[in-house]
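For reference, the chains in residue letters:
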Amino acid sequence: MRHLAAHKNSRSLRSLFTLYIAAILLAGCGGGGVSAPQPQPQPPTVSSVFNSDVKTSRFLGKATFGATLTDINSLTGTEVSNWIKGEFNKPATHYLPVIITEIQALADGDRLPNRRISDHFFDAAISANDQLRQRVVLALSEIIVVSNGGQLGNNPATMAHYMDILSDQAFGNYRDLLEDITYSPAMGFYLTYIANQKGDPETGRVPDENYARELMQLFTLGLLELNLDGTHKLDDQGEPIEIFNNSDITGLAKVFTGLSYENNDFGQRGNDRSATYRPLVVFSAQHSQLEKAFLGTTIPANTNGRRSIDQALDAIFQHGNMAPFLSRQLIQRLTASSPSPAYVQRVSRSFEEGTFVLPDRSVVGTGERGDMQATIAAILLDADALQDPATAPAESGKIREPMVRIINWARAFNETTPNAHDERLLGNLSTIGQHPFRSPSVFNFFRPGFIAPGSETAAAGLTAPELQIMNESSSIAYINTINAFIYERANNYSDDPEGGVNPDYRGETAIAHDGAALINRLDLILTGGSLNAETRARILSMMDQVPVRAGTNDEAADRLARVRLTITMVMTAPGYLVQR
Amino acid sequence: MSMNRRRFLSSASSAGAVSFAGSAGLLTALGNSKAYAADMSGYKALVCLFFFGGQDAHDTVLPFDQSSYDGYAALRSGLFSDYAAQAGGSSRERARLRELAPTNAAEFGGRQFALPEALDPLKALFDSGNAAIIGNVGPLIEPMVRSDFNQGIKTQPQRLFSHNDQQSTWMSSSPEGETLGWGGRLVDNIAGQTPIFSAISTFGNTVFLSGQTTTQFALSTSGPPEVSRLRNNNNGLLGPASGSDAAAQLLIDQYKDVRAIRSNLYEKDSAAVAERAFSSNEAYRGALDNAVALETAFPSSRLGAQLGAVAEAISIRGSLNMSRQVFFVGMGGFDTHDNQAEDLTLLHTDYAASIAAFYAATQELGIENDVTLFTGSDFGRSLVGNGNGTDHGWGAHHFVVGGAVNGNHIYGDIPPYATGHAHDAGNGRLIPNVSVEQYAATLGKWYGLTDTELTSVFPSLVNFAQKDLGFMV
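Everything quoted here is computed from the prediction, not taken from an experiment.

1. A look at the overall build of chain B
Logical step 1: When you go through chain B residue by residue, the secondary structure sums to 12 helices and 12 strands.
Logical step 2: What you see for chain B is a C-alpha radius of gyration of 23 Å, in line with the 23 Å of a compact globule of 473 residues.
Logical step 3: Once the C-alpha set of chain B is aligned to its principal axes, its extents read approximately 75 × 50 × 40 Å.
Logical step 4: A fraction of 74% describes how many contacts in chain B between residues 6 or more apart in sequence connect residues 24 or more apart.

2. Here's the deal with the overall build of chain A
Logical step 1: Helix and strand counts for chain A come out as 24 helices and 8 strands.
Logical step 2: Once the C-alpha set of chain A is aligned to its principal axes, its extents read approximately 85 × 70 × 50 Å.
Logical step 3: Here chain A, with 580 residues, has 62% of them falling under the buried criterion.
Logical step 4: At a minimum sequence separation of 6, the contacts of chain A that also span at least 24 residues come to 70%.
Logical step 5: Of the roughly 20500 Å² that chain A leaves accessible, carbon and sulfur atoms contribute 49%.
Logical step 6: Distance between charge centres in chain A, computed from 49 positive and 63 negative side chains, equals 2 Å.

3. Quick word on the side chain of A:R438
Residues and elements named next belong to chain A.
Logical step 1: As for its placement among the helices and strands, R438 is situated in the loop between α17 (402-412) and α18 (456-459).
Logical step 2: For the buried R438, no salt bridge is present, and the opposite-charge side chain at shortest range is D119, 6.9 Å distant.
Logical step 3: Polar side-chain contacts of R438 include one of 2.9 Å to the backbone oxygen of G427.
Logical step 4: Those residues in contact with R438, other than ones at most four positions away along the chain, are N114, R115, S118, S147, N148, G149, G427, N428 and F445.

4. Brief notes about the pairing of strand β8 (residues 324-331) of chain B
Residues and elements named next belong to chain B.
Logical step 1: Counted residue by residue, β8 has 8 buried out of 8 residues, so it is predominantly covered.
Logical step 2: In this structure, strand β6 (residues 199-201) lies alongside β8, joined through 3 bridges in parallel fashion. Bridging from a neighbouring strand, A199 pairs with V326 of β8.

5. Thoughts on the pattern of salt bridges
Logical step 1: Taken as a whole and judged by the stated rule, the model has 47 salt bridges over all chains.
Logical step 2: Here B:D257 makes a salt bridge to B:R262, at a shortest N to O gap of 2.7 Å.
Logical step 3: Residue B:R262 is classed as buried on the basis of its relative accessible area of 10%.
Logical step 4: Overlapping salt bridges, with partners in common, bring together A:E142, A:R333, A:K398, A:E401 and A:E466 in one network.

6. What about the nonpolar core?
Logical step 1: Counting 174 residues, the largest nonpolar core has A:L132, A:Y174 and A:W409 as the members making the most contacts within it.
Logical step 2: Element by element, the count of residues in this core is highest for helix α19 (residues 472-486) of chain A, at 8 residues.
Logical step 3: The contact partners of A:Y174, leaving out residues within four places of it in the chain, are A:L140, A:I143, A:I144, A:F219, A:F317, A:M322, A:L326, A:F351, A:G370 and A:M372.
Logical step 4: Core analysis: the second largest hydrophobic core is formed by 64 residues, B:L97, B:F108, B:F126 and B:L307 among them.

7. Regarding the interface of chain B and chain A
Logical step 1: The interface is formed by 83 residues belonging to chain B together with 84 residues belonging to chain A.
Logical step 2: Carbon and sulfur atoms supply 56% of the area that chain B and chain A bury against each other, a total of about 6900 Å² over both sides.
Logical step 3: Along the contact surface separating chain B from chain A lie 4 salt bridges.
Logical step 4: Residue B:R276 pairs with A:E472 through a salt bridge whose shortest N-O separation is 3.5 Å.
Logical step 5: The tally of links from chain B across to chain A stands at 33 residue pairs in polar contact (both at pLDDT 80 or more).
Logical step 6: Elements supplying a minimum of two residues to the side of chain B that touches chain A: α5 (163-172), β7 (217-218), α7 (245-256) and α8 (265-288) of chain B.

8. Comments concerning unusual backbone geometry
Logical step 1: The phi dihedral of A:T192 falls on the positive side, at around 60°, and the residue is not glycine.
Logical step 2: With respect to the helices, strands and loops of the structure, A:T192 is situated in the loop between α10 (185-190) and α11 (210-220).
Logical step 3: Residue B:N136 is not a glycine yet carries a positive backbone phi of 55°.
Logical step 4: Tracing the sequence through the fold places B:N136 in strand β5 (residues 131-138).

9. Comments concerning helix α11 (residues 436-447) of chain B
All names here are of chain B.
Logical step 1: Its 12 residues give α11 an end-to-end C-alpha distance of 16 Å, which sits within 8% of 16 Å, the value for a rise of 1.5 Å per residue.
Logical step 2: Of all the 12 residues making up α11, 11 are buried; the element is thus mostly covered by neighbouring parts of the structure.
Logical step 3: For α11, the set of buried residues is V436, E437, Q438, Y439, A440, A441, T442, L443, G444, W446 and Y447.
Logical step 4: Just downstream of α11, G448 is the residue with a positive phi angle, here 125°.

10. Quick look at helix α22 (residues 533-545) of chain A
Residues and elements named next belong to chain A.
Logical step 1: When the terminal C-alpha atoms of α22 are compared, their 19 Å separation across 13 residues agrees well with the 18 Å that a helix rising 1.5 Å per residue should span.
Logical step 2: Where α22 is concerned, the buried positions are T535, R538, I539, M542 and M543. Along the axis of α22, the buried residues cluster in a sector spanning 150°; they form a single face. Seen from the buried face of α22, the exposed residues on the opposite side, beyond 90 degrees, are A533 and D544.

11. What about the packing of helix α2 (residues 53-63) of chain A against helix α21 (residues 515-527) of chain A?
All names here are of chain A.
Logical step 1: Following both chains from N to C, one finds α2 and α21 inclined at 40°, their axes separated by 7 Å at the closest point. Between α2 and α21, the angle falls in the class oblique. Packed against α2, whose contacting residues are D53, V54, S57 and R58, the element α21 presents L524, I525 and T527 at the interface.
Logical step 2: Counted by class, the contact of α2 with α21 contains 3 nonpolar, 2 polar and 2 charged residues.

12. Side note on the pairing of strand β9 (residues 371-377) of chain B
Logical step 1: For β9(B), the buried fraction is high: 7 of the 7 residues fall into the buried class.
Logical step 2: Burial along β9(B) is two-sided: B:V371, B:L373, B:T375 and B:S377 facing one way and B:T372, B:F374 and B:G376 facing the other are all buried.

13. Comments concerning the packing of aromatic side chains
We describe a pair of aromatic rings using the distance from one ring centre to the other and the angle between the two ring planes.
Residue and element names in this part refer to chain B.
Logical step 1: Tallied over the full model, the rule gives 44 aromatic pairs over all chains.
Logical step 2: Seen from their ring centres, Y411 and F471 are 5.8 Å apart, and the 65° between their planes marks the pair as edge-to-face. You can see Y411 sitting in strand β11 (residues 410-412) and its partner F471 sitting in the segment after α12 (451-457), a full 60 residues away along the chain. Taken as a pair, Y411 and F471 share a single burial class, namely buried.
Logical step 3: Ring plane angle 45° and centroid distance 6.4 Å describe the contact between W446 and Y447, whose orientation is recorded as tilted.
Logical step 4: On the basis of relative accessible area, W446 is assigned to the buried category, the value being 9%.
Logical step 5: Exposure remark for Y447: the relative accessible area of 0% places this residue in the buried category.
Logical step 6: Among the aromatic side chains, those forming a connected cluster through ring pairs are F50, F52, W170, W182, F203, F208, F328, F374, Y411, Y439, F458 and F471.
Logical step 7: Against the face of Y447 rests R324, its NZ or CZ located 5.5 Å from the ring centre.

14. A short note on the confidence of the model for chain A
Logical step 1: Taken over all residues, the pLDDT of chain A has a mean of 92, while the share at 70 or more is 92%.
Logical step 2: Low pLDDT, under 50, characterises residues 1-35 of chain A; the predicted model gives this stretch 39 contacts beyond four residues in sequence or across chains.

15. Looking at the environment of A:R559
Residue and element names in this part refer to chain A.
Logical step 1: Position of R559 among the secondary structure elements: in helix α23 (residues 555-571).
Logical step 2: On the basis of relative accessibility, which here comes to 16%, the residue R559 falls in the buried class.
Logical step 3: Those residues in contact with R559 that sit more than four places away from it in its chain are T509, A510, I511, A512, H513 and V548.

16. Considerations on the sheet that holds strand β4 (residues 113-115) of chain B
All names here are of chain B.
Logical step 1: The strand order β2-β4-β3 describes an open sheet built from 3 strands, whose pairing is antiparallel. Both edges of this open sheet fall to β2 (62-63) and β3 (98-99), since each of them pairs with a single strand only.
Logical step 2: Direction of pairing for β2 relative to β4: antiparallel, over a ladder of 2 bridges. Bridge pairing links P63 to F113 in β4.

17. Some details on the environment of B:A297
Logical step 1: Mapped onto the elements of the fold, B:A297 is located in the loop between α8 and α9 (302-315).
Logical step 2: Remark: the alpha-carbon pair of B:A297 and B:A357, spanning 60 residues in sequence, is separated by 6.7 Å.

18. Focus: the confidence of the model for chain B
As a note on interpretation, predicted positions should not be read in detail where pLDDT is low.
Logical step 1: The share of residues in chain B with pLDDT of 70 or more is 92%, and the mean pLDDT across the chain is 91.
Logical step 2: Scoring of the predicted complex yields 0.91 for pTM and 0.92 for ipTM.

What counts and how
Residue numbers run consecutively from 1 along every chain, following the written order of its sequence. Chains and ligands are labelled by the order in which they are written, letters from A for the one and numbers from 1 for the other. Where totals are concerned, whole chains, interfaces and linings use all residues; where local detail is concerned, this predicted model gives features only for residues with pLDDT of at least 70, and gives and counts side-chain atom pairs only at 80 or more. Note that the side-chain values use all heavy atoms of the structure and ignore hydrogens as well as water. Helix and strand assignments come from DSSP, with helices taken as H or I runs of at least 4 residues and strands as E runs of at least 2, each series counted from the N terminus. Taken over C-alpha atoms, the radius of gyration is set against a globule rule of 2.2 Å times the number of residues to the power 0.38. Residue contacts are defined here by distance: any two heavy atoms, one from each residue, within 4.5 Å place the two residues in contact. Each residue gets one of three labels from its accessible area relative to the maximum for its type: buried under 20%, exposed over 50%, partly exposed in between, using a 1.4 Å probe on protein chains only. Using a 1.4 Å probe, accessible areas were evaluated by the Shrake-Rupley method; residue-level cover was limited to the displayed protein chains. The charge count includes Lys and Arg as positive and Asp and Glu as negative, but it does not include His or the ends of the chains. Throughout, a charge is located at the NZ atom of Lys, the CZ atom of Arg, the CG atom of Asp or the CD atom of Glu. For this analysis, a salt bridge means a side-chain nitrogen from Lys or Arg found within 4 Å of a carboxyl oxygen belonging to Asp or Glu. Under this definition, polar contacts are N or O atom pairs within 3.5 Å; protein pairs additionally need one hydrogen-donor-capable and one acceptor-capable atom, and for neighbouring residues in sequence, both atoms have to be side-chain atoms. Strands qualify as paired when DSSP identifies two bridges or more between them. Here, the term nonpolar core denotes a set of buried Ala, Val, Leu, Ile, Met, Phe, Trp, Tyr and Cys residues that are joined through side-chain atoms within 4.5 Å. The term buried area means the drop in 1.4 Å probe accessible area that two parts suffer when joined, counted for both and summed. In this scheme, a helix's expected span is set at 1.5 Å multiplied by one less than its residue total. What the arc covers is the set of directions going from the helix axis to the C-beta atoms. Axes here mean lines fitted to C-alpha atoms, for a helix over just the part in contact, with angles spanning 0 to 180 degrees between N-to-C directions. An angle counts as roughly parallel when it lies under 35 degrees, as roughly antiparallel when it exceeds 145, as roughly perpendicular when it falls between 65 and 115, and as oblique in every other case. Three classes are used, and their members are as follows: Ala, Val, Leu, Ile, Met, Phe, Trp, Tyr, Cys and Pro are nonpolar, Asp, Glu, Lys and Arg are charged, and the others, Gly among them, are polar. Stacked, tilted and edge-to-face are the three classes assigned to paired rings of Phe, Tyr and Trp, where Trp is represented by its six-membered ring and a pair needs centres within 6.5 Å; plane angles under 30 degrees give stacked, over 60 edge-to-face, the rest tilted. Charge-over-ring contacts are defined here by two conditions on Lys NZ or Arg CZ: a distance within 6 Å of the ring centre and an angle within 35 degrees of the ring normal. pLDDT is defined as a per-residue confidence score from the predictor, taking values between 0 and 100.

Okay, here's the thing in structure tokens:
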């Protein structure tokens, strides 16, 4: 009998429940008439995910911010179930403590630059231990969007508090995440409900509707009724069905009234700045005492704020759209731009049931609806996500986000002590179409439903979110930006040669005289074996243009030139741009 | 967004676009081989300036006659306090509003209107007859009034009050997911010009500019970018091979993914973007070589830079061999649920100055009669506020600017600044008096399309009696 890996969770009841489920499964599925959530269809058998270096690289390309040769070598031949459980158990990177420290170190009157938020994110993404968790943090930040591109740029601690919520709940539960977000000053500020007052019949004033709408439309349910597989339900005329109208919004808006910073005065930040980076509280005098009706639910009159918010989030969370709406988008952020309905349905089930059976038959997840570990495992270990590119359908894959490609590069070339703050370019990547945590609006950099006009993916009826930010301007900007890093021309602020984000090309320059070996190494690390014959042939032809003048003073420069050219030709190749 | 394959267009274009239009109207496909029969002589340009977030029309075109003004001030007491608290006092004091004197003032029966002082440069264009106001325009399938809306007895546009869906509906007559926009459709099949620069955006990818044969060109405000340091002696990308033409060609070929045979659709699309990036930017750069710098100064804001880039693009229309162009320019920040007094004032100041500069540039080029700029936005906003902001509305008042505009006139209608009237959808959200399609078709007719072609591009136009609102000469 396999020893069940301990599932660390602060709620002991959940742990007991997990052991209960595991015991049933180990005892023989379905025997004895015991009622238990059904286990998922079995994913690939033990050890196949890491059974070759290219497969390991491809998986790490999805589950981390980029494969490294070290990881490829150490993980190939091992069991992915252990890896993913290990990731779930790694402590979370937190952003608030370091931001607070930096704020406290400021001279009087100085401000922490807006970019510090993304600087720390880049550093974590490049080198932090909790890779999968931070990958999920980025994914969540593109669904439950808060942006510091506007006035929140002046409140880095508020923003960091929001990032820590995502980090802590990335492997927690989505219901808890929704609650923490609702009480966060960051979301309260961004969607304008801090100091949102109940209605006033005398003046006609009504509560601000912003959060009520975007909470439902963008963070939980969407507008149209969904099947569990993410497809639209249709009415008798074959039309999609809207699940809420403006009256639901005005009803729900009453729930989010009375929230403000925790101090004595409603609507004031007060003297204690820490109120801007700890949960909001409800001021009962400003909370609506009316009946609050929405989505077929009615919260009775005179229900207090905390209870109203709790009931409202429960009602939304229990809706049939919750699982497919979130699951499809998380899949899009991680493994597939246009997942098959069957894939979405499998992940939705894991979300709803709260557990997932790993290849080694151990179970992750607490069994509660909304369990993030179960959902993430279901996404990464689904058969659709693990298809061999050589035989996978032409509709599979996902374009790597432009800002993530830079992080891929830093990891691929062993930057283990990054200092993003020292890189001028990392202060504003908007020319490439996006910058971490700086979405232009609550609608993220691109829409999950984006269909690229005139494209091959559009002709096949596929969604392609990343194509929404790829155009004649941003694609050239990407080439120039990635080249600035590849060729180590990106300006630093300090004189420290080790400052910033720098590559270590020694592993590559050592074999640069052997063009084929160099290509193979970079293909393995960067694409997991997806470079096509044409690209390989072109790189080899380029090698002929840059011979290595062995034994001369030029040898080192020749080797380095070959390495850089190969990297730029790989990292702009569609075989790299598209993660398979 | 699910893939509902049953909604393929009956005569599918080469893009095979899947429309989710439903009752909002399918954009009927014109055959690819049929050029417009319309009059496409000379040069004409349309510039769409889109206010993302939903501009509050009530706080842009304000009531001026005493009775309406007093009622408005009472309904918006929270907002008026915020204005009063601003440095320099309240710009919404009646004495500080700029009264409009449109040629059709008498039609409003004693009601008068004004613009806030931040819009002075735009008001100057209105007063001189080169700008018009289109009152209460928004998505409509058929005419509607309050009782229709409340009883649900007419066909109403889908997904009202939702930002992304209403942006899409303004641009394409359908909610989010549509892949053809009317701006792109207007320049489809223009005889004799290469389509490549007929639709230009300075604000990213937009469905507005997507046509059946038209694909937009994304124009960077800092000029068409090219690969840096390609051949910079040993300091460049090619290193020791900088002198080699063959090496340079290999690198560019790789960036363009030339000759690659691919099956994965995402790879194909990625390659297509890259290829276009090189060929289009190079062609544009070539045309810019002959450009004469404009003397007109533009504001240094992002909007000013966009309109400056559009003016520059128009100045090289000859080199680009263009007779019809559509431009898309954008501005964010209009979703003023909060802080409206401060935010909207800044936005007004920016766009009024930028539009005025743009008009001046067209005069400098001698083509002010051939270029028309028009504004649009997701929606207007509620009249009854939430304290210091407003919530999502529907119909809104917009501006059309250009030498060919019958200016100093208010088209459409401006409903009372109150609740309970015939065009109140609740809380002062306006049910539009004129539809976006009527607005757009008026522009399309000026552009040269025939009535038949306009009906094809604007499927709900048949439901409205007035297909030409009359604001273009």
